[in-house]
Every structure is written in C-alpha cells, then in structure tokens.
Amino acid sequence: MVIVVNKIIAIACVTGATGMVGSKIVQHLLAHGYQVRVLTRKTNYHDSKVTVFRGGLEDEEVLKRFLKDANLLFHCAAEIHDESKMWATNVKGTENLLNCTRDNNIQYLCYISTCVVVGKTDQIKVTENTPCNPQDIYEKSKCTAEQMVAQGIDGCRVIILRPTEIFDESRPGAIELPMRNSWMDRIKLFIKGGECIHLIHADNVAAAAIYFISYPFEKTQCYFVSCDEDPLNTLAGLWAFYDTIKNGRNSENIIPKRHLPIIIPHLLRQIWRGKGNKGNVKYSSEKLLSTGFVFPLGLDSAIKKVILEKGAKNYKNTEC
C-alpha cells in the first residue's frame, strides 16, 4: 500500500491530527511506513514518530513548509464548536490549503467532510446523489468547503468522506447515556429511543481514508461512511445492547428498549428549533461498500469495545 516516490517513502500530511479521525489516520500511516507530518496549533503535541508543524490553516508560510515535497494530504481539521470561527477555519482555511496544495506534488487528497452537509431532507435513505440543503453555519461552511475540494486538483486524486456521528473510546458519544443511566438519560431514551443515532467508529473512517490511497479512481469521488442500516444504531438498540453486555447475556436477538414513535421527537424539534430531519433518516454506505471496502470494526464490536474499555477505566478509578 505504501507509495514510493523515486525509492523514497512517501510523505503524508495530516491536518486535525489531534481529533478522533486525524489521530487514527496518523496511526494507520505510521503503521504502513509513511513519513508523517502534522499541522497543529497545540504546543503540547509531541510525537517523535512524526514531524510537527505549529500553526493554523490561515498561515500560508507554514502551509507551504508543511506541504513541501509531500505526496499525500489528509484534511481533517475543522471548527465544530465556535460559530464565529467556522467560516474562517472551514472555508477560508480549506481554500488556503488547496491553494498551497496546487503548488506542490500532492498525488492524493482525502477531505473529511460530514454527513450534515446534506442538511434538511425529506429522503429516508440519503445517498451521495441526495441534494444538499444545509441550514446552520456549520452545515453551510462544511458544504462550501466540500464544494471547493470537489473541483479537484490537476494531477491529484481526490476523495471526500462524509462520516456520520463519530465516536471512539475517548469520546463515546451516545454510549454514555446508558452508562450514566440518569433520569434525564432515561427520558431521552423514552422520547428519542427509536431514532437512528448514526454512530460510526473513528477507526472505520480512518480505514476508509487509507483504503483509497491504493484504490483506482480518476475523478473526485464522495462517500458516506456510516453504519446506519445496523438495527443497533438507535438509542433504544444501543441501550439494550449495553444492558446485554453489562449483564453478560447472549448478544443475539436483542430487543430494543421501549420508546415513543419517532414522529414525537421530530415534532418536538420542529416546535423548539423549527428544523430537524425525521429520526428514520439514514445515510447509506452502499457506494463505499461497493468498492470492496470492509469496515474493520462492526458496529456491535465497536460499541462493545468502548463499553468494556470505559467500564474498565471506571472500575480502576473506583479502586484508586
């Protein structure tokens, strides 16, 4: 899989290397023998196995040095919390990175987008052909950045990945609800239990990003990365699976927890927020899987891994 350029191991650059997906991509690249560079603002990021470039996407001089003589680029950096910085980071930052990329010998670019670029939709099964109708500033900024990346770069193979709700052992997301089991969590289960929660493990997203390095394609390609078709991928299914693992029962034929019809939480979102898709919307990974890609972690094994690791940590903390 490793690209060799003039008998020199290829250089891979990663933005957003401290995030869930970015950090996994770095691990994969190192395991496959690549020289790895990371771009980060964090002064406490130290790894003797990678070359660290301090700076942000707005610093063109740093970007030029970061990309010089590199062959692969994984753009994972994004602002997801501060609305005032989203356009500058997600759009202008991506534009700066693309401009610097065009002046270098990048042969493969993987952009980590998000499923929410689709925004509001009436389709139950969302595919790469579903029109995008972004609503808020985050959705619009990521959609605009994706459109810029989709224009392609001469001599560079470009992949856009749209993962759903990313989780891992450090940030388990919805898995924390049954683990806490508070009265508020149980209310959420009863109201929203039937809705798809769109969980996808970060390892699966990173594996897809690495997979396409050696996959033959020409024009820019876009793929959803999801496990939405798995019956466990609802809050009621997740909660039932958690109870099964916790109590050491057989994980076959799991019966989801009781919950209200999914139309109820949808109507509540319409009243409170004035927007929101129905809870039965699912983002399809059919196109991704049709390439021959196989998720390294099934949803059940990924959830089980998080539950067991989090449980072990909690037990250790209690013992201390």
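Since the structure is predicted, the reported quantities are computational estimates derived from the model, not experimental observations. (Residues numbered from 1 in each chain as written. Predicted model: local features only at pLDDT ≥ 70, side-chain atom pairs only at ≥ 80, totals over all residues. Heavy atoms only, no water.)

This paragraph deals with helix α4 (residues 137-150). Each α-helix winds once per 3.6 residues, and so residues spaced three or four apart point in a common direction. Between its terminal C-alpha atoms α4 stretches 20 Å, which fits the 20 Å expected from 14 residues at 1.5 Å a residue. For α4, every residue scored as buried is listed here: Y138, E139, S141, K142, C143, A145, E146, M148 and V149. On its buried side, α4 packs onto α3 (83-101), β7 (108-112), β9 (157-163) and β12 (221-225). Where α4 begins, the side chain of D136 points an oxygen toward the backbone nitrogen of Y138, at a separation of 3.2 Å. (Helix = DSSP H or I, 4+ residues; strand = E, 2+ residues; numbered from the N terminus. Expected span 1.5 Å × (residues − 1). Buried < 20%, exposed > 50% of the residue type's maximum accessible area, 1.4 Å probe, protein only. Contact = heavy atoms within 4.5 Å. Polar contact = N/O pair within 3.5 Å; in protein donor to acceptor, adjacent residues only side chain to side chain.)

The tendency in soluble globular proteins is for nonpolar side chains to be buried side by side. In this structure, V14, I25, L29, F74, Y108, L161 and I303 are the most contacted members of the largest nonpolar core, which totals 58 residues. It is helix α8 (residues 235-246) that provides the largest number of residues to this core, a total of 7 residues. For V14, the residues in contact, after removing those within four places along its chain, are G22, I25, V26, L29, V36, R37, V38, L39, F66, F74 and C76. C100, L109, A145 and I160 belong to the second largest nonpolar core, which has 27 residues in total. (Core = buried A, V, L, I, M, F, W, Y, C linked by side-chain atoms within 4.5 Å.)

To continue, consider the packing of aromatic side chains. Throughout the structure, instances matching the rule amount to 10 aromatic pairs. For the pair F224 and Y283, a centre-to-centre distance of 5.5 Å together with 40° between the ring planes defines the contact as tilted. Taken together, the residues span a long stretch of sequence, with F224 in strand β12 and Y283 in strand β13 (residues 282-283) at a distance of 59 residues. A relative accessible area of 0% places F224 in the buried class. Owing to a relative accessible area of 7%, Y283 belongs among the buried residues under this scheme. Ring-pair connections join several aromatic residues into one group, and the members of that group are Y211, F212, Y215, F217, Y223, F293 and F295. If you follow K287 out to its NZ or CZ, it ends over the ring of Y223, 4.8 Å from the centre. (Phe/Tyr/Trp six-rings, centres within 6.5 Å; stacked < 30°, edge-to-face > 60°. Lys NZ or Arg CZ within 6 Å of the ring centre and 35° of its normal.)

To locate leftover empty space, one rolls a probe as large as a water molecule over the atoms. Size it by volume and the second largest pocket reaches roughly 180 Å³. For the second largest pocket, the full set of lining residues is E128, C132, C143, E146, Q147, A150, I160, R162, T220, Q221, C222 and K287. Counting only elements with at least two residues in the lining of the second largest pocket, the list comes to α4, β9 and β12. Take the lining of the second largest pocket: its biggest share by element is 4 residues, from α4. Here the residues of the lining of the second largest pocket sort into 5 nonpolar, 3 polar and 4 charged. (1 Å grid on protein atoms, 1.4 Å probe; cavity = no way out; pocket = protein on both sides within 12 Å on 5 of 7 lines; lining within 4 Å. Points joined across faces, edges and corners; volume = space filled by probe spheres on them. Nonpolar A, V, L, I, M, F, W, Y, C, P; charged D, E, K, R; others polar.)

To continue, consider the pattern of salt bridges. Applying the stated rule across the entire model yields 13 salt bridges. Notably, a salt bridge pairs R162 with E146, separated by 2.5 Å at the nearest N-O pair. Here E146 lies in helix α4 and R162 lies in strand β9, a separation of 16 residues in the sequence. Pair check on accessibility: R162 and E146 agree, each one buried. Two residues, E169 and K305, come together in a salt bridge whose shortest N-O distance is 4.0 Å. Here E169 is found in the loop between β10 (165-167) and α5 (176-180), whereas its partner K305 is found in helix α11 (residues 299-319), with 136 residues between them in sequence. By relative accessible area, E169 is classed as buried at 10%. (Salt bridge = Lys/Arg side-chain N within 4 Å of Asp/Glu carboxyl O.)

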